[in-house]
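Structural characterization, general
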Amino acid sequence: MPYIKTPQKNEPLTRQLDVKSQKCGLRHTVYSPTGNEYTGEWQDNKKHGKGTQIWRTSGAIYNGEWKFGKYDGYGTYSELLPETNKYVRKYCGTWKNGKKHGEGTFSYSNSDVYEGEWSEGQRSGWGKIYYKNGDIYEGEWMRDKCHGQGIIQFANGNWYEGAWQYGKRNGDGKFYYSDKGQLYKGLWVDGVAKCGTLTDCGRDNAPMPTKYPIPKV
């Protein structure tokens, strides 16, 4: 139960009116001067607890938990598509201090979908992203980029597993060429293979194998 301050009789009239006007506890829909509307709980004149806000200009909706005027806890954010007049969920998960933080799923406007951990509004920790073109990356993230250990499976059947730095293949890793049935193991620098070994792997089932197999050492 939120604390609701009551005006004192010996206080000036202007102060008594100010205290009475402060929002605290559960209220009906409140409209801001810009036309935005909020329905939910308040504390000390700030959105606090569970509530729903609708933005007048964009039509976007946030439904979930608040803490002193900011998204904090579990909530969903949805946007209105003008061409269909239907809502599409953009983010569903946890928030902290108004930013995506913890576990959540975000749908990008280009149809990419990320599921995983967030830190202060950025993908950080362990996560999985489904790209529109069919590629899938799962692994570690830092500051919105693939960073650490991870694997990407390409839509054409190729895959890479190994180390990443700031969105590029960096360090030890393996790359499988599904069309040729070959596997590269070695060192990568800024996304380019620098030093390693290439061997046949599944060559007999590959759709476009090389004319001759790689000699075994």
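Our subject in this report is the structure included herewith. Values in this document were obtained by computation on a predicted structure and should not be read as measured data.

Okay, the overall build of the protein chain next. What the protein chain contains, in helices and strands, is one helix and 15 strands. Expressed as a percentage of its 217 residues, the buried residues of the protein chain come to 31%. Of the contacts made within the protein chain by residues no fewer than 6 positions apart, 8% connect residues no fewer than 24 positions apart.

Before going further, it helps to spend a moment on the pairing of strand β3 (residues 46–54). Strand direction decides the pairing type here: strand β2 (residues 37–43) and β3, joined by six bridges, are antiparallel. Pairing of E37 across the sheet is with I54, part of β3. Between β2 and β3, which pair antiparallel and follow one another directly, the connecting turn spans two residues, one of which, D44, has a positive phi of 50°. Of the strand pairs in this sheet, β3 and strand β4 (residues 61–67) are connected by six bridges, and their pairing is antiparallel. Each bridged residue has a counterpart across the sheet, and for G49 the counterpart in β4 is W66. Connecting β3 to the antiparallel partner β4 that follows it, the hairpin turn spans six residues, and G59 within it adopts a positive phi of roughly 80°.

A full pass over the atoms with the stated rule returns one salt bridge. Close ionic contact of R123 with D144 constitutes a salt bridge, the shortest N to O distance being 2.9 Å. Placement of the pair is R123 in strand β9 (residues 122–130) and D144 in the loop between β10 (136–142) and β11 (145–153), with a sequence separation of 21 residues.

Attention now moves to the packing of aromatic side chains. With the rule as written, the count across this model stands at 23 aromatic pairs. Ring geometry for Y38 versus W42: centroids 5.1 Å apart, planes at 85°, classification edge-to-face. Accessibility expressed as a relative area gives 7% for W42, which makes it buried. For the pair Y38 and W66, a centre-to-centre distance of 5.4 Å together with 85° between the ring planes defines the contact as edge-to-face.

Rules of the game
Throughout this description, residue numbers start from 1 for each chain and increase along the sequence as written. Under the rules for a predicted model, residues below a pLDDT of 70 receive no local features and side-chain atom pairs below 80 are neither given nor counted, while totals for whole chains, interfaces and linings still include all residues. Hydrogens and water molecules were not included; the side-chain quantities draw on all heavy atoms of the structure. We count a stretch as a helix when DSSP gives it H or I for four or more residues in a row; a strand needs E for two or more, and each element gets its number in order from the N terminus. Think of it in three bands: with a 1.4 Å probe and only protein chains considered, a residue is buried below 20% of the maximum accessible area for its type, exposed above 50%, and partly exposed in between. In what follows, residue pairs with any heavy atoms lying within 4.5 Å of each other are defined as contacts. A pair of strands counts as paired when DSSP detects no fewer than two bridges linking them. The salt bridge definition used is simple: a Lys or Arg side-chain nitrogen within 4 Å of an Asp or Glu carboxyl oxygen. Each Phe, Tyr or Trp ring (for Trp, its six-membered ring) is paired with any other whose centre lies within 6.5 Å, and the angle between the two planes then decides the class: stacked below 30 degrees, edge-to-face above 60, tilted in between.

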